[in-house]
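Residue-level structural notes
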Amino acid sequence: MPSNVLTVTSGKGGVGKTTTVANIAVALASEGKKVVCIDGDIGLRNLDVILGLENRIVYDIVDIVEGRCRTRQAMIRDKRFPELFLIPAAQTRDKNAVSPSDMIRLCEELKAEFDWIIIDSPAGIERGFKNSIAPSDIVIIVTNPEMSAVRDADRVVGLLEAEEKKPPYLIINRLKPELVKRGDMLSVADVYDLLHIEVIGIVPEDENTVIASNKGIPLAIEAKTKSGQAYRNIAKRLVGEQVPFMNLESGSLWNKLIHLGRGG
Amino acid sequence: MGLFSSFFGKKSASNAKERLKLVLIHDRVNMNNGTLELLKDEIIAVISKHLDIDPNMVKIDFETQGRSQKLVADIPFRSSPTKKNR
Ligand SMILES: Nc1ncnc2c1ncn2[C@@H]1O[C@H](COP(=O)(O)OP(=O)(O)O)[C@@H](O)[C@H]1O
Ligand SMILES: [Mg+2]
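This is a predicted model, so every value here is computed, not measured.

Looking only at helices and strands, chain B has 4 helices and 2 strands in total. Starting at the N terminus and walking to the C terminus, you meet the elements of chain B as α-α-α-β-β-α. Residues counted as buried form 23% of the 86 residues belonging to chain B. Within the structure as shown, chain B displays about 6700 Å² of accessible surface, and the carbon and sulfur contribution to it stands at 56%.

Residue and element names in this part refer to chain A. Grouped together as the largest cluster of nonpolar side chains are 36 residues, with contacts concentrated most on Leu 6, Ile 24, Val 35, Cys 37, Ile 118, Ile 140 and Leu 238. Sort the elements by how many residues they give to this core and helix α1 (residues 17-30) lands first, with 8 residues. Those residues in contact with Cys 37, other than ones at most four positions away along the chain, are Val 21, Ala 25, Leu 47, Leu 51, Leu 84, Phe 85, Leu 86, Ile 87 and Ile 118. Val 139, Ile 172, Leu 195 and Phe 245 belong to the second largest nonpolar core, which has 28 residues in total.

Residue and element names in this part refer to chain A. Taken as a whole and assessed by the stated rule, the structure comprises 1 aromatic pair over all chains. Note on Phe 85 and Phe 114: the rings are 5.6 Å apart at their centroids and 75° apart in plane angle, and the pair reads as edge-to-face. In this pair, Phe 85 is assigned in strand β4 (residues 84-87) and Phe 114 in the loop between α5 (100-111) and β5 (116-120), connecting sequence segments 29 residues apart. Residue classification places Phe 114 among the buried positions, given a relative accessible area of 2%. A cation sits over an aromatic face here: Arg 72 above Phe 85, 4.9 Å from the ring centre. Geometry around Phe 245 places Arg 237 over its ring, the cationic atom sitting 4.0 Å from the centre.

Another aspect to go through is the site of ligand 1. All names here are of chain A. Around ligand 1 there are 13 residues in total, and Gly 14, Lys 17, Thr 18, Thr 19 and Asp 206 lie nearest to it. One of the side-chain nitrogen or oxygen atoms of Thr 18 is found 2.8 Å away from an oxygen atom of ligand 1. Here ligand 1 loses 79% of its free accessible area of 560 Å² to cover by the protein chains. Here ligand 1 is seated within the largest pocket. Those elements giving two or more residues to the shell around ligand 1 turn out to be α1, β7 (169-175) and β8 (199-204). The leading source of residues in the shell around ligand 1 is α1, at 3 residues. Here the shell around ligand 1 is built from residues that sort into 3 nonpolar, 6 polar and 4 charged.

We now examine the interface of chain A and chain B. Residue-level contacts link 18 residues of chain A with 16 residues of chain B. Buried area between chain A and chain B, summed over both chains or domains, comes out near 1600 Å², and the portion from carbon and sulfur atoms is 57%. Summed over the shared surface of chain A and chain B, the result is 6 salt bridges. We note a salt bridge from Arg 28 of chain B to Asp 154 of chain A, for which the minimum N-O separation is 2.7 Å. The interface formed by chain A and chain B holds 12 residue pairs in polar contact (both at pLDDT 80 or more) in total. Elements represented by at least two residues in the side of chain A that touches chain B include exactly α7 (147-162) and α9 (188-195) of chain A. Across the side of chain A that touches chain B, the residue classes break down as 8 nonpolar, 3 polar and 7 charged.

What follows concerns the pairing of β8 of chain A. All names here are of chain A. Of all 6 residues in β8, 6 are buried; the element is thus mostly enclosed. Of the pairings in the sheet, the one linking β7 to β8 comprises 5 bridges and is parallel in character. Looking at the pairing, Leu 170 lines up with Val 199 of β8.

In this section: the layout of surface pockets. All names here are of chain A. Empty space within the largest pocket amounts to approximately 240 Å³. As for the largest pocket, its lining consists of 14 residues, and the residues nearest its centre are Gly 16, Thr 19, Asn 173, Arg 174 and Thr 209. Elements that contribute at least two residues to the lining of the largest pocket include exactly β7, β8 and α10 (208-215). Taken together, the residues of the lining of the largest pocket sort by class into 5 nonpolar, 5 polar and 4 charged.

Turning our attention to the packing of α7 of chain A against helix α2 (residues 12-29) of chain B. Close contact between α7 of chain A and α2 of chain B brings their axes to 10 Å; oriented N to C, the two are set at 25°. Taken together, the axes of α7 of chain A and α2 of chain B are roughly parallel relative to one another. Two packed elements cross with a definite hand, and for α7 of chain A against α2 of chain B that hand is right-handed. Residue-level inspection shows Met 147, Val 150, Arg 151 and Asp 154 of chain A of α7 of chain A in contact with α2 of chain B, the latter providing Ala 16, Arg 19, Leu 20, Val 23, Leu 24, Asp 27 and Arg 28 of chain B. Grouping the constituent residues of the contact of α7 of chain A with α2 of chain B by class yields 6 nonpolar, no polar and 5 charged.

So, how was this worked out
Residues numbered from 1 in each chain as written. Chains lettered and ligands numbered in written order. Predicted model: local features only at pLDDT ≥ 70, side-chain atom pairs only at ≥ 80, totals over all residues. Heavy atoms only, no water. Helix = DSSP H or I, 4+ residues; strand = E, 2+ residues; numbered from the N terminus. Buried < 20%, exposed > 50% of the residue type's maximum accessible area, 1.4 Å probe, protein only. Areas by Shrake-Rupley, 256 points an atom, 1.4 Å probe, with all protein chains shown as cover. Core = buried A, V, L, I, M, F, W, Y, C linked by side-chain atoms within 4.5 Å. Contact = heavy atoms within 4.5 Å. Phe/Tyr/Trp six-rings, centres within 6.5 Å; stacked < 30°, edge-to-face > 60°. Lys NZ or Arg CZ within 6 Å of the ring centre and 35° of its normal. Near = heavy atom within 4 Å. Polar contact = N/O pair within 3.5 Å; in protein donor to acceptor, adjacent residues only side chain to side chain. 1 Å grid on protein atoms, 1.4 Å probe; cavity = no way out; pocket = protein on both sides within 12 Å on 5 of 7 lines; lining within 4 Å. Sits in = over half its atoms within 2 Å of the grid points. Nonpolar A, V, L, I, M, F, W, Y, C, P; charged D, E, K, R; others polar. Buried area = accessible area lost by both parts, 1.4 Å probe. Salt bridge = Lys/Arg side-chain N within 4 Å of Asp/Glu carboxyl O. Pairing = 2+ DSSP bridges. Points joined across faces, edges and corners; volume = space filled by probe spheres on them. Axes fitted to C-alpha atoms, helices over the stretch in contact; angles between N-to-C directions. Parallel < 35°, antiparallel > 145°, perpendicular 65-115°, else oblique. Left-handed = near helix turned anticlockwise from the far one by under 90°.

This is the structure:
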């Protein structure tokens with residue numbers, strides 16, 4: 001199977017990119033895939049703590065790019081899985097230390113060994129974003145059902161169109177079904193209407209997310225919580241399985257809608 | 001009361017959707033929301049040089065299909081009383 005470079009981005013900060021990367025990574029790894037995550041948020045390293053790997057960092061991505069270590073030396077293995085690795089962001093260096101062509105080169109090297117290379121993009125549409133999308137085959141945009149997050153997501157879709165990337169997928173994160181039900185939160189169908197990109201995941205608001213980040217154990221390691229299950233479903237869809245959407249919203253009209261729209 | 005209900009009234013999602021629709025249209029074509037009125041005035045001025053249109057009936061608006069946008073203009077002629085009387 002050819003390897004895939006997946007970039008998770010959003011425009012707006014704090015919508016759940018890093019959480020998404022960590023969860024998709026463990027979900028794919030628990031399906032036996034060889035996975036490496038790259039933290040693309042130079043200066044604001046975070047994926048290490050969400051994965052619980054922060055104590056083992058010696059080298060980072062800038063050390064690789066500037067030749068201070070071999071790629072392998074900067075890769076931290078997640079001991080919970082045979083084949084899950086993290087390449088951490090540099091915490092102290094200049095954001096411009098890495099270029100889009102550095103990212104392309106690094107990913108080409110990693111493709112020899114991994115099924116999935118997952119890049120956690122920083123917020124914004126500057127250098128870090130450009131680095132993150134340069135090598136990607138698949139882009140996932142994370143948004144929240146909320147004004148500014150949807151607006152910024154649309155900007156990113158436009159930028160990807162301009163870069164002639166394949167159409168991105170959408171994850172709607174932090175959905176609150178009760179609020180949707182009483183008409184005070186955009187529904188999945190509303191967000192789809194506005195953005196018109198294919199929805200690959202719907203993740204409910206879940207307080208376990210905070211607990212998981214406190215512990216450094218992403219929820220998708222188990223399928224016990226709704227959000228953990230949602231991430232596992234996303235991972236399955238990424239590898240080509242047809243998984244119906246969970247019934248988070250009343251009526252499950254969305255499922256019907258999606259099946260009509262894209263046959264799966 | 002009106003103000004209060006407009007701040008805290010239920011069904012704010014439909015509010016959000018309508019507002020977002022407009023914001024996204026303008027973001028996508030890279031045009032500020034006020035510019036359309038300006039454009040409308042200019043179009044009316046140009047067409048009026050050649051045709052007898054009714055400026056009050058002119059409708060110019062964006063339409064969205066999927067992720068693409070178009071500008072749709074509806075420009076009726078002035079119903080001329082002299083013609084009608086004939
Ligand atoms: N589905 C969710 N339910 C509750 N909290 C969430 C959810 N997804 C993310 N969060 C929280 O939102 C915050 C921002 O998430 P993070 O993944 O760091 O966003 P980003 O990487 O986009 O800045 C974190 O505190 C995280 O725990
Ligand atoms: Mg982040």
